[in-house]
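Architecture at a glance
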Amino acid sequence: MLSAGCHSIPHALRKSAMVAAWFAFLTFPILVIKVNTIENTVAWRWENMLAIAVATFFGSYVWRWLLARKEIKRDEAKRESVAERLLTKVQSHPILKLAGLAAIAIPAVLYPQVFDLYQTNIMVSCLVFIVLGLGLNIVVGLAGLLDLGYVAFYAVGAYAYALCNLHWGIGFWTMLPLGAALGTIMGVILGFPVLRLRGDYLAIVTLGFGEIIRLVLENWGDVTKGPSGISNIARPEFFGMKLTIAQSTMYMYYIMLGLLVLTIFCVSRLQHSRIGRAWLALREDEIACQAMGIDKVKTKLLAFALGATWAGMAGVVFAARTTFINPASFTFWESAMILSIVVIGGMGSIRGVIAGAIILILVPEYLREFSEFRMLLFGAIMVMVMVFRPQGLISAKRKIYTYKGTSEAGSGQ
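Everything in this summary refers to the structure shown in the same document.

Basis of the calculations
Residues numbered from 1 in each chain as written. Predicted model: local features only at pLDDT ≥ 70, side-chain atom pairs only at ≥ 80, totals over all residues. Heavy atoms only, no water. Helix = DSSP H or I, 4+ residues; strand = E, 2+ residues; numbered from the N terminus. Contact = heavy atoms within 4.5 Å. Pairing = 2+ DSSP bridges. Patch = residues over 30% accessible without salt bridge, like charges linked within 9 Å, V, L, I, M, F, W, Y side chains within 5 Å. Areas by Shrake-Rupley, 256 points an atom, 1.4 Å probe, with all protein chains shown as cover. Salt bridge = Lys/Arg side-chain N within 4 Å of Asp/Glu carboxyl O. Buried < 20%, exposed > 50% of the residue type's maximum accessible area, 1.4 Å probe, protein only. Expected span 1.5 Å × (residues − 1). Core = buried A, V, L, I, M, F, W, Y, C linked by side-chain atoms within 4.5 Å. Phe/Tyr/Trp six-rings, centres within 6.5 Å; stacked < 30°, edge-to-face > 60°.

In this section: the overall build of the protein. In terms of helices and strands, the protein carries 18 helices and 6 strands. Put simply, of all contacts in the protein between residues at least 6 apart along the chain, 74% involve residues at least 24 apart.

Structure, rendered in structure tokens:
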């Protein structure tokens, strides 16, 4: 028995054969017929049809086998994966935990010294998206509030630094906390109108908020310079020293590395704090959360405000790194990419968000050798992850409390 849906192997073979025949029929005009308009000849490439039929047949059969295997092992899918068990074991043992942190920290510090400028620049982009993903993870992963306009806070931070630097010469280090504060204020402004919304309605309102910010930036030309954007934004200085492009890229890498460590620390502490428990309760059931005495208004506002704080800081870093910004850098697709990082990595999981950002940002870059099929392969990888790992690459672990007797209590994960 292959699965409940496919009663036998011959049945699965017949279904795969039908898929192969149908796909060969659909691609027949493109892959088989080749018209030469100069010589007025038609070439029939039947070998292409045979190759696509065979490849589709085996691909369909393997796909059905994987789906059947997933159905058989549905209960095992709820358990930890091998990577998650290894991470749990390392985290629970102090010596292994220190060794694991050292194994991550040493290559991270030495990365710009080993790899060239291009690789370092890509890694800076990856670190920016990790910070953005961790910020959105507060809103979506912990509080369960679907935000499709998260890129608006990112744009506010970037344009705040660009305009302040252009008109008043405010530097990067002064603007970094100010960008975070502006992100917090914008998060509260967005949070107030959506306090009573949830689900699809919340997603539509946040999507509209993101588009409003983009259109304002695009059409308010007297202030934002419209579609032309703002150029010659100052890079961060190192004690007043002027840095070359290579040195500035390396410096920006270490700035983002420090910001990432700060973000992980703060998000981890928030996740295990009282407000973090309130976010998790809000995500599971708003009515039950309110019945337990949790202030729903305060909880939602804190989620939006704290999530937007990291986007504001990331926006300042983005403007300083590229030295040029325009509204085209802050479209809905950026929000979709950040949301994909959270969902594919594992909602509510810090390690999952980091893994999701590494895959979604670095994989397309390293697939550039397959320039014609790069996005096709990228899409196939995303589909495979969502089908066979719907809970995310590294899912968040729910805390479990066990009580022994009346006075002795223990807790574990």
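This paragraph deals with the pairing of strand 1 (residues 33–36). Pairing of strand 1 with strand 2 (residues 41–44), which is carried by 4 bridges, proceeds in the antiparallel orientation. When the bridges of strand 2 are listed, Val35 appears paired with Val42. The loop that links strand 1 with its antiparallel partner strand 2 comprises 4 residues; one of these, Asn40, has a positive phi angle of about 55°.

Nonpolar side chains collect at one region of the surface, where Ile106, Val109, Leu110, Val114 and Phe115 lie side by side and expose about 470 Å² of accessible area between them. By relative accessible area, which is 51% here, Ile106 ends up exposed.

Our focus in this paragraph is helix 8 (residues 151–168). Between the first and last C-alpha of helix 8 there are 25 Å, a value that for 18 residues agrees with the 26 Å anticipated at 1.5 Å per step. Two residues or fewer after helix 8 comes Gly169, characterised by a positive phi angle close to 65°.

This next bit is on helix 16 (residues 332–345). Between the first and last C-alpha of helix 16 there are 20 Å, a value that for 14 residues agrees with the 20 Å anticipated at 1.5 Å per step. Residues Ser335, Ala336, Ile338, Leu339, Ser340, Ile341, Val342, Ile344 and Gly345 constitute the buried set of helix 16.

The biggest cluster of nonpolar side chains holds 89 residues, and the ones touching the most others in it are Leu132, Ile325 and Phe330. Broken down by element, the residue count for this core peaks at 16 residues, all from helix 7 (residues 117–142). Beyond its immediate sequence surroundings of up to four residues, Ile325 is in contact with Ala158, Tyr159, Ala162, Gly229, Ile230, Ile233, Phe318, Ala319 and Phe330.

A word on the packing of aromatic side chains. Per the counting criterion, the structure on display carries 19 aromatic pairs. Among the aromatic residues, those joined into a ring-pair cluster are Tyr111, Phe115, Tyr253 and Tyr254.

Quick look at the pattern of salt bridges now. Enumeration according to the criterion identifies 5 salt bridges in this entry. Linking Arg214 and Glu211 is a salt bridge whose minimum nitrogen-to-oxygen distance equals 2.9 Å. With a gap of 3 residues between them, Arg214 and Glu211 both fall in helix 10 (residues 199–219), about one helical turn apart. Under the relative-accessibility criterion, Arg214 is labelled buried at 18%. We classify Glu211 as partly exposed; its relative accessible area is 24%. Measuring nitrogen to oxygen at the nearest pair gives 3.6 Å for the salt bridge that ties Glu286 to Lys296. Highlighted residues: Glu286 in helix 14 (residues 286–291) and Lys296 in helix 15 (residues 296–322), separated in sequence by 10 residues. A single network of salt bridges, built from pairs that share partners, joins Glu211, Arg214 and Glu218.

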